[in-house]
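Report on the structure
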Amino acid sequence: MIAAMNTQIYRDFEELVIPHKEALHNFAFKMTKNQLDAEDLVQDTLLKAFRFFEKFEKGTNIKAWLFMIMKNTFINLYRKVSKQPAQVDYEDIQNFYDDVAPEDVKYEHTTDDAFSRMMPDEISDAISNLQEDYRTVIILSDIEGYTYEEIAEFIDRPVGTVRSRLHRARKMLYAKLHDYAADKGFVNPPLEQVAA
């Protein structure tokens, strides 16, 4: 009995999910901008989809369900990676210095290069504390640089909804981060602070 149920699950999964594998890969590549990372993201998405396949309601939009899994996987991965310092393989560095003459190495990197991709904890925390719908559009638009149309396709909502959510998310972040921005000199402090 259990074997027959498992066989049916495999068949249903193959019939409903696998036809969307190419679309998932295309979108994963748009998000990651890297072939290997895209393949990993697709594999993670398919594994999670299979794991939770019994929770999928047959007759609903399977593609939207798969893209939602991919979106959440990507955002969780992005959040994890953005909190970690960049990692470098020691062997790559050793091979580089073994193969290159000292006069060929240029030391023109600045501190800005090293820290340009890091996000202050205050900003990362403020984004993390947004509701998921708002957090998603902020990350995809303002951090990853996707167009409204790409985001609309990704979250399976009209472009107008993307614009609305993005506007609201930015207003929420403005409210949460105003004091931080004033302390850093990005915006003027509130009048009551100036008067004090």
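Residues numbered from 1 in each chain as written. Predicted model: local features only at pLDDT ≥ 70, side-chain atom pairs only at ≥ 80, totals over all residues. Heavy atoms only, no water.

**A few points about the packing of helix α8 (residues 132–143) against helix α9 (residues 148–155)**
Working note: a packed helix pair is described by the angle between its axes plus the distance between those axes. One can describe the packing of α8 onto α9 by two numbers: an axis separation of 10 Å at closest approach and a directional angle of 140°. The angle between α8 and α9 falls in the class oblique. For the pair α8 and α9, the crossing hand works out as right-handed. Here T136, V137, L140 and S141 of α8 lie close against α9, whose contacting residues are I151, F154 and I155. Split by residue class, the contact of α8 with α9 holds five nonpolar, two polar and no charged. (Axes fitted to C-alpha atoms, helices over the stretch in contact; angles between N-to-C directions. Helix = DSSP H or I, 4+ residues; strand = E, 2+ residues; numbered from the N terminus. Parallel < 35°, antiparallel > 145°, perpendicular 65-115°, else oblique. Left-handed = near helix turned anticlockwise from the far one by under 90°. Contact = heavy atoms within 4.5 Å. Nonpolar A, V, L, I, M, F, W, Y, C, P; charged D, E, K, R; others polar.)

**Some points on the pattern of salt bridges**
Opposite charge on two side chains allows them to pair when their charged atoms are near. A full pass over the atoms with the stated rule returns three salt bridges. Between D12 and K58 there is a salt bridge, with the nearest N and O atoms lying 2.5 Å from each other. Taken together, the positions of D12 in helix α1 (residues 2–16) and K58 in the loop between α3 (35–51) and α4 (62–83) put the pair 46 residues apart, joining distant regions of the chain. Look at D12 and you get buried, because its relative accessible area is 10%. Measuring nitrogen to oxygen at the nearest pair gives 3.9 Å for the salt bridge that ties D133 to R165. Of this pair, D133 sits in helix α8 while R165 sits in helix α10 (residues 159–183), and the two are 32 residues apart along the sequence. Of the residues examined, D133 reaches a relative accessible area of 39% and is grouped as partly exposed. (Salt bridge = Lys/Arg side-chain N within 4 Å of Asp/Glu carboxyl O. Buried < 20%, exposed > 50% of the residue type's maximum accessible area, 1.4 Å probe, protein only.)

**Points about α8**
The end-to-end C-alpha distance of α8 is 15 Å, a good match for the 16 Å that twelve residues give at a rise of 1.5 Å each. All of the buried residues along α8 are Y134, R135, T136, V137, I138, I139, L140 and S141. G145 sits one or two positions beyond α8 and adopts a positive phi of about 80°. (Expected span 1.5 Å × (residues − 1).)

**Focus on the confidence of the model for the protein chain**
Residues of the protein chain with pLDDT of at least 70 account for 72%, and the chain-wide mean is 76. Mean pLDDT across the secondary structure elements of the protein chain bottoms out at helix α6 (residues 111–115), with 39, and peaks at α3, with 92. A low-confidence stretch, residues 100–117 stays under pLDDT 50, and its non-local contacts, those more than four residues away or across chains, total four contacts. (pLDDT = per-residue confidence, 0-100.)

**Details of helix α2 (residues 21–32)**
Here α2 is twelve residues long and its end C-alpha atoms lie 16 Å apart, about the 16 Å a rise of 1.5 Å per residue gives. Of all the positions in α2, only L24, F27, A28, M31 and T32 are classed as buried. Looking straight down α2, one finds its buried side chains confined to an arc of 125°; they lie on one side. Following α2 by one or two positions, K33 has its phi on the positive side, about 60°. (Arc of directions from axis to C-beta.)

**Quick look at the packing of helix α7 (residues 121–128) against α10**
Direction vectors running N to C along α7 and α10 enclose 160°, while the axes themselves pass 10 Å from each other. Here α7 lies roughly antiparallel to α10, going by the angle between them. Crossing handedness for the pair α7 and α10: right-handed. Across the interface between the two elements, E122, I123, A126 and I127 of α7 pack against L173, K176, L177 and Y180 of α10. Residue classes in the contact of α7 with α10 are distributed as six nonpolar, no polar and two charged.

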